[in-house]
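# Topology and contacts: notes
Each chain is listed here by its residues.
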Amino acid sequence: FDYVATRDIEEDEEIFIDYGDAWEAAWQDHVADYYVDGQPPRPHFMQAADRNTRMDIPIRLVTDRPYDLDDVRVTVIGHYVEFNGAQGFDTNEDYDCDVLHHNKDRDTYMVQLTYPLTNEEQCVIDVWDKGGHILFELPRQAFFFYDVQACTRDHVQLWSFRHPMMIPDEMLPDIWRNRVP
C-alpha cells in the first residue's frame, strides 16, 4: 500500500489517515466510557520520564502503593550510594530500592537497596534484600525511575483501546471494491 502526495509536503507538516467512521465512533465510545465514577482507571500512573522531572512529587514509601503496580521501578543513582558510605557499588549503576522513611522537615529519604529477581523477559518476579544496605538522608534528586519494559499490563486492561484500523472504502477506487478473484 503506497501513499502518493498530490502536493508538496512541507517540513514538520503532519500526514494523517482517516480510519473511517466505524473507528472514530469506537474511539468516541472508548473516551466516553474511560472514566469510572469521574476517575481515570489508573489515577496513580505517571511515566518514569515524567517522575524523573517532577522533583515536587514525593517518593512513595514501601508501605504506600507499590510502584510495580504502575509498571515503574524506583532506583537510587549509583554515586549517591557511594556517597552514603556503601562500599563495592558501581557509581555508574542505579540500584533498586525500597523507600522506608521520608523526613519531611529535611525532605530526605531513608532507603534499603533491593535486588530484583527477573524472568526471561526481565519482568520482576520477586525481590530480596541481599545484605540490606540502608542509606540515609538521600535527597529527592538521588532517585531515578524506569518504566518496566515489556512487562506492562496495559494491553489487557479495560482502559486499553483496541479496534481494527481499516482503510475506508471511499479511499479506494471503485474498480478495487468488492472485487471477485
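Residues numbered from 1 in each chain as written. Predicted model: local features only at pLDDT ≥ 70, side-chain atom pairs only at ≥ 80, totals over all residues. Heavy atoms only, no water.

## Examining the packing of aromatic side chains
Taken as a whole, this structure holds 6 aromatic pairs when the rule is applied. Note on Phe144 and Tyr146: the rings are 4.9 Å apart at their centroids and 65° apart in plane angle, and the pair reads as edge-to-face. The partly exposed category is assigned to Phe144, whose relative accessible area is 30%. In this structure, Arg51 packs its charged tip against the face of Phe145, placed 5.7 Å from the ring centre. (Phe/Tyr/Trp six-rings, centres within 6.5 Å; stacked < 30°, edge-to-face > 60°. Buried < 20%, exposed > 50% of the residue type's maximum accessible area, 1.4 Å probe, protein only. Lys NZ or Arg CZ within 6 Å of the ring centre and 35° of its normal.)

## Examining the nonpolar core
What tends to happen in soluble globular proteins is that the nonpolar side chains get buried as a cluster. Among the nonpolar cores identified, the biggest contains 23 residues, and Val76, Leu113 and Phe143 are the most heavily contacted of them. Mapped onto this core, the elements with two or more residues apiece are β1 (72-77), α3 (78-83), β2 (94-103), β3 (108-113), β6 (134-139) and β7 (143-147). With 4 residues, the top contributor of residues to this core is β1. Among all residues touching Phe143, those that are not within four sequence positions of it are Asn52, Ile59, Val74, Thr75, Val76, Ile77, Cys97, Val99, Tyr109, Val111 and Leu138. (Core = buried A, V, L, I, M, F, W, Y, C linked by side-chain atoms within 4.5 Å. Helix = DSSP H or I, 4+ residues; strand = E, 2+ residues; numbered from the N terminus. Contact = heavy atoms within 4.5 Å.)

## Looking at the pairing of β3
In terms of residue burial, β3 counts as a mostly covered element, since 5 of its 6 residues are buried. As paired elements, β2 and β3 share 6 bridges and run antiparallel to each other. Bridge pairing links Asp98 to Gln112 in β3. Taking the residues between adjacent antiparallel strands as the criterion, β2 and β3 are bridged by 4 residues, where Asp107 takes a positive phi near 50°. (Pairing = 2+ DSSP bridges.)

Such coordinate-based values are descriptive only and should not be taken to indicate function.
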